[in-house]
Amino acid sequence: MGELGQHQLLLTPELGGRQKLVSIITYAPLEPDPLVKYQICDHCNMCVNICPTQAIAADRFDTFHMDGMELTTGHLTKWRCIFGCGGLVSKGTFAMTEFTLPKSRPSTEEMFSYLARKHPAQAYLEREVGAQPAWYAKCYAVCAVHLYKKKDDKSLSSEEKDN
Ligand code: SF4
Ligand code: SF4
């Protein structure tokens, strides 16, 4: 289907990062798509650089194995991600609160206490509108635009070649 980018999100050849996954349970006999055997993420590090809490590592990698292939992503520090776009620092997506980023991983109790002390307006939105913490937001957005532009540039140049 695709590969995981530096930010640990699915990238596909057709859409880059611009998709949401859903599950359907079926008895239909489905042929699996072949694995994507090339890199979609070009390690531009735009997702790394835009992250307000340095949650995605540029030089530390997580490795997965699938069907004989080795897949590598940037290491993601999840508690930093919760702070970054989960509503706890003002530079995160939709965030209205500014807590100082802890120096090391907060305990579960500390993290609950941070989440409980979020700005009332944000807490209201999450409770009344059902808004979820906007995780995978800034890195998702910058990557989606980057890969879309790249794909567009390629299609333009091949059209130009045809002419
Ligand atoms: S922004 Fe760049 S480095 Fe990050 S996942 Fe997308 S292509 Fe890879
Ligand atoms: S969702 Fe926000 S905080 Fe989390 S990795 Fe992406 S940019 Fe960083």
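Refer to the structure printed above.
This report concerns the structure included in the present document. Keep in mind that this is a model prediction, so the values were computed, not measured.

### Details of the overall build of the chain
Point 1. The helix and strand inventory of the chain stands at 5 helices and 4 strands.
Point 2. Here the chain holds 163 residues, and the buried ones make up 20% of them.
Point 3. Contacts in the chain between residues at least 24 apart in sequence constitute 62% of all its contacts with a sequence separation of at least 6.

### Some details on helix H2 (residues 78-85)
Point 1. Where burial is concerned, most of H2 is hidden: 7 out of the 8 residues are buried.
Point 2. Taken together, the buried positions of H2 are occupied by Trp-79, Arg-80, Cys-81, Ile-82, Phe-83, Gly-84 and Cys-85.
Point 3. Positive phi shows up at Gly-87, right after H2, with a value of about 105 degrees.

### Some thoughts on the nonpolar core
Point 1. Cys-47, Cys-51, Ile-56, Ile-82 and Cys-139 are the most contacted members of the largest nonpolar core, which has 17 residues in total.
Point 2. Elements with a contribution of two residues or more to this core: H2 and helix H5 (138-162).
Point 3. Among the elements that line this core, the one with the most residues is H2, at 5 residues.
Point 4. Every residue in contact with Ile-82, bar those within four places of it in the chain, is listed here: Leu-88 and Met-111.

### Examining the site of ligand 1
Point 1. Around ligand 1 there are 14 residues in total, and Gly-5, Cys-41, Cys-44, Cys-47 and Cys-143 lie nearest to it.
Point 2. Taken together, the elements giving at least two residues each to the shell around ligand 1 come down to helix H1 (46-50) and H5.
Point 3. Ranked by residue count, the leading element in the shell around ligand 1 is H5, at 4 residues.

### As for the site of ligand 2
Point 1. Cys-51, Cys-81, Gly-84, Cys-85 and Cys-139 are the nearest of the 15 residues found near ligand 2.
Point 2. Of all the secondary-structure elements, those providing two or more residues to the shell around ligand 2 are H2 and H5.
Point 3. Broken down by element, the shell around ligand 2 gets its largest block of residues, 3 residues, from H2.
Point 4. Looking at side-chain class alone, the shell around ligand 2 contains 10 nonpolar, 4 polar and 1 charged residues.

### Notes on the environment of Ala-141
Point 1. By the element assignment, Ala-141 lies in helix H5.
Point 2. Owing to 16 C-beta atoms within 10 Å, Ala-141 belongs among the partly exposed residues under this scheme.
Point 3. Sequence separation of Ala-141 and Ile-50 is 91 residues, and the distance between their C-alpha atoms is 9.9 Å.

### Concerning the environment of Gly-5
Point 1. Tracing the sequence through the fold places Gly-5 in the loop between strand E1 (3-4) and strand E2 (10-11).
Point 2. Its 25 C-beta neighbours within 10 Å are what place Gly-5 among the buried residues.
Point 3. C-alpha of Gly-5 to C-alpha of Cys-47: the two residues are 42 residues apart in sequence and 9.5 Å apart in space.
Point 4. Contact partners of Gly-5, with chain neighbours within four places excluded, come to Leu-11, Gly-17, Cys-41, Thr-73 and Cys-143.

### Section: the pairing of strand E4 (residues 69-76)
Residues in a regular strand point their side chains to alternate faces of the sheet.
Point 1. In the sheet, strand E3 (residues 56-66) pairs with E4 via 7 bridges, with the strands oriented antiparallel. When the sheet's bridge partners are listed, His-65 is paired in E4 with Glu-70.
Point 2. Linking E3 back to E4 in an antiparallel pair, the connection comprises 2 residues, with Asp-67 at a positive phi of about 50 degrees.

The rules we used
Residues numbered from 1 in each chain as written. Chains lettered and ligands numbered in written order. Predicted model: local features only at pLDDT ≥ 70, side-chain atom pairs only at ≥ 80, totals over all residues. Helix = DSSP H or I, 4+ residues; strand = E, 2+ residues; numbered from the N terminus. Buried ≥ 20, exposed ≤ 12 C-beta atoms within 10 Å, placed from the backbone. Contact = placed C-beta atoms within 7 Å. Core = buried A, V, L, I, M, F, W, Y, C linked by C-beta atoms within 7 Å. Near = placed C-beta within 6 Å. Nonpolar A, V, L, I, M, F, W, Y, C, P; charged D, E, K, R; others polar. Pairing = 2+ DSSP bridges.

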